[in-house]
Amino acid sequence: MKHLTDEDLMLEVANGNLDMMSILFDRYHVRIYNFFNKMLHNKMVSEDLTQDVFIKILKYRTSYKNGNFASWIYTIARNIFSAYYQKQKKERTNIIEDDKLSSEDIVLSEGKKEELDHLKVALLQLSNSDRELIVMHRYQEIKYEQIAEIIGSSENAVKVRVHRALKKLKDIYF
Amino acid sequence: MKCNDIENKLIGFIEGELTKQESSLIQNHIDSCSNCQDEVAQMKSFLGVFDADVEEMPSANLKMNFNTFLEQEKQQIKVVQLQPKTNWKSHLRIAASILIVVSAFLIGKHQSGESQLTIAEKQKIKEEKQVLALLENQSASKRIQAIDLSEEFTKTDTKIIDALINKLFNDKNVNVRLAAAEALSKFSSLEKVKAALIKSLETEKVSSMQIELIQILGKIQEKRALEPMRKLLEKQETPNYVKQELQYNIASLL
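Residues numbered from 1 in each chain as written. Chains lettered and ligands numbered in written order. Predicted model: local features only at pLDDT ≥ 70, side-chain atom pairs only at ≥ 80, totals over all residues. Heavy atoms only, no water.

An unreviewed UniProt entry lists chain B under the name HEAT repeat domain-containing protein, from Tenacibaculum pelagium.

Looking at an unreviewed UniProt entry, chain A carries the name RNA polymerase sigma factor, with the source organism given as Tenacibaculum pelagium. For chain A, the Sequence similarities (unreviewed entry) comment in UniProt is given as "Belongs to the sigma-70 factor family. ECF subfamily." (UniProt positions renumbered as here; feature names shortened; annotations may be inferred.)

Following this line, the structure appears as structure tokens:
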């Protein structure tokens, strides 16, 4: 089963073989979790939202139509993020604070860690749409072409927007 | 080539995304421009920061919760497969549309003074039984579906209305209770329904339900709801947004 593509597995799931979802979960949950955590900087919420993504996939499994699975799951993750963000905005709570879940800090040499933290703070100052482009492209190393598919744009437009966002981020960073 | 032309292509240049020709044009410029050299160096060191980033691992809870959910979902599939293969949904849809036609026909018949148990009436009793059965389904979405269907019945249909009132009070899922309240608002001319809505306002703890009930009772101008509304307004634990709704509707009832 391990050699099947994501798409093969998802089609199996859509046909009722739900155990295949475990393999997809193993392949994707860390990536999706990191996507949310970079967007929100909140571990607990990121876990909840990651859970929501997989629940949604299971619930709507029959609506999967053989497209690129990675694009599909990121599309779902983006929708869940934006629903969460809108809700938070309504409730006027600060999404950046409340990072309480105790997860072991990554051990890095002092200087590197400082730089990374500084980068995280800078990242949170970008707009959501700029931030997600940088998260997807730089952190998650998703190709321009695929980002274009996920956000419904063209490859060239994505490239230009990523470059602009990087420049903005650099100006905040320095 | 000028610095401005290069500015927008710098990242592409560093990332090696440009054509050879473009790339060498930019390289030529950079070699002769110290400003751009600085810019390139700064951008390179900035992009390098990302490389130090390590993927974080979520806690073990995530996997555990997912497995629990997966098991539940698998159970559901089994339950669904045990049921007869006929598609309830489409049956009930057809049933509901037949019902509208039939009830229109029946109203006409009643007006002309006849009241025999016709085939259409027997059919209606059958539909009613189906909806009543579906209301007891263990899936909340099925129950809501049944409630939606029950709105097609007329207010003379006491069994359906009783079942809806029962859902309003006793269903453990708040969405089902909400749907029941909404459906009952269509039958609010009945004394029994009014009394149930007022009673529910007195006992209901969930604020979204409270708001729904307040709105319904305000809309039908039910003066007897004033008392429970005032009580709710005085309670300390009532959330502010519910209080706002209360103040607005109390004013309209006075």
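Next, the rest of the story.
Chemist: Help me understand the packing of aromatic side chains, please; the structure alone is not making it clear to me.
Modeler: Aromatic ring pairs are reported here in terms of the distance separating the ring centres and the angle at which the planes meet. A full pass over the atoms with the stated rule returns 14 aromatic pairs over all chains. Arranged with centres 5.2 Å apart and planes meeting at 65°, the rings of Tyr 139 of chain A and Phe 50 of chain B form a pair that is edge-to-face. Pair noted here: Tyr 139 of chain A is in helix H6 (residues 128-139) and Phe 50 of chain B is in helix H4 (residues 34-51), and the two residues belong to different chains. Linked through ring pairs, Tyr 139, Tyr 173 and Phe 174 of chain A together with Phe 46 and Phe 50 of chain B together constitute an aromatic cluster. Its end group placed over the ring of Tyr 28 of chain A, Arg 31 of chain A keeps NZ or CZ at 4.4 Å from the ring centre. (Phe/Tyr/Trp six-rings, centres within 6.5 Å; stacked < 30°, edge-to-face > 60°. Helix = DSSP H or I, 4+ residues; strand = E, 2+ residues; numbered from the N terminus. Lys NZ or Arg CZ within 6 Å of the ring centre and 35° of its normal.)

Chemist: Is there a simple way to explain the interface of chain B and chain A in this structure?
Modeler: A common way to state how big an interface is: give the accessible area lost once the parts meet. On the chain A side, the residues contacting the 33 residues of chain B number 44 residues. Carbon and sulfur atoms supply 64% of the area buried between chain B and chain A, which totals about 3700 Å² over both sides. At the boundary of chain B and chain A, one finds eight salt bridges. Between Lys 74 of chain B and Asp 19 of chain A there is a salt bridge, and its shortest N-O distance comes to 2.6 Å. (Contact = heavy atoms within 4.5 Å. Buried area = accessible area lost by both parts, 1.4 Å probe. Salt bridge = Lys/Arg side-chain N within 4 Å of Asp/Glu carboxyl O.)

Chemist: Before we go on, may I ask you to explain the pattern of salt bridges in this structure?
Modeler: A side chain of one charge can pair with a side chain of the opposite charge if their charged atoms are brought near each other. Counted by the stated rule, this structure contains 22 salt bridges over all chains. Within the structure, one salt-bridge network assembled from shared partners comprises Glu 136, Arg 143, Lys 167 and Asp 171 of chain B.

Chemist: Looking at this structure, I do not really get the confidence of the model for chain B. What am I missing?
Modeler: In regions of low pLDDT, the predicted coordinates are not meant to be interpreted in detail. With 94% of its residues at a pLDDT of 70 or more, chain B shows a mean pLDDT of 84. For this predicted complex, the interface confidence score (ipTM) comes to 0.79, while the overall pTM stands at 0.55. (pLDDT = per-residue confidence, 0-100.)

Chemist: Help me understand unusual backbone geometry in this model?
Modeler: All names here are of chain A. In this structure, Asn 66 takes a positive phi of about 65° despite not being glycine. With respect to the helices, strands and loops of the structure, Asn 66 is situated in the loop between helix H3 (43-59) and helix H4 (69-91). A positive phi angle, near 55°, is found at Glu 141, a position not held by glycine. Mapped onto the fold, Glu 141 is located in the loop between H6 and helix H7 (144-151). Note on Glu 141: relative accessible area 63%, which makes it exposed. (Buried < 20%, exposed > 50% of the residue type's maximum accessible area, 1.4 Å probe, protein only.)

Chemist: Explain H7 of chain A here, please?
Modeler: Working note: α-helix, 3.6 residues per turn, so residues spaced by three or four point in the same direction. All names here are of chain A. Every buried residue belonging to H7 is among Tyr 144, Ile 147, Ala 148, Ile 150 and Ile 151, and all of these are buried. For H7, the angular spread of buried residues about the axis comes to 165°, placing them on one side. Elements that come into contact with the buried residues of H7 comprise H4, H6 and helix H8 (155-173). Looking one or two residues beyond H7, the residue adopting positive phi is Gly 152, at roughly 70°. (Arc of directions from axis to C-beta.)

Chemist: Looking at this structure, I do not really get empty space enclosed by the protein. What am I missing?
Modeler: Once rolled over the atoms, a probe with the size of a water molecule shows which space is left empty. Inspection of the entire model under this criterion finds four cavities of 30 Å³ or more. For the largest cavity, the calculated volume is near 70 Å³. Lining the largest cavity are Asn 37, Lys 38, His 41, Lys 120, Leu 123 and Leu 124 of chain A together with Glu 56 of chain B. Broken down by secondary-structure element, the contributors of at least two residues to the lining of the largest cavity are helix H2 (20-40) and helix H5 (110-124) of chain A. Among the elements that make up the lining of the largest cavity, the one with the highest residue count is H5 of chain A (three residues). Taken together, the residues that form the lining of the largest cavity break down as two nonpolar, two polar and three charged. Built from parts of two domains, the lining of the largest cavity gets at least three residues from each of domain 1 (1-107) and domain 2 (112-173) of chain A. Computed from the structure, the second largest cavity encloses a volume of approximately 50 Å³. Forming the walls of the second largest cavity are Leu 92, Ala 95, Ala 96, Leu 99, Glu 127, Val 131, Leu 149, Glu 152 and Phe 153 of chain B. Counting residues per element, the ones that place at least two in the lining of the second largest cavity are helix H6 (88-111) and helix H7 (119-135) of chain B. Element by element, the count of residues in the lining of the second largest cavity is highest for H6 of chain B, at four residues. (1 Å grid on protein atoms, 1.4 Å probe; cavity = no way out; pocket = protein on both sides within 12 Å on 5 of 7 lines; lining within 4 Å. Points joined across faces, edges and corners; volume = space filled by probe spheres on them. Nonpolar A, V, L, I, M, F, W, Y, C, P; charged D, E, K, R; others polar. Domains from an automatic or database assignment.)

Chemist: Whenever I open this one, the state of the cysteines confuses me. Can you help?
Modeler: A disulfide bridge is the covalent bond that connects two cysteines by way of their sulfur atoms. Residues and elements named next belong to chain B. A complete count under the given rule lists zero disulfides over all chains for this structure. No disulfide involves Cys 36; its nearest neighbouring cysteine sulfur is the one of Cys 33, lying 3.7 Å away. Under the relative-accessibility criterion, Cys 36 is labelled buried at 7%. (Disulfide = S-S within 2.5 Å.)

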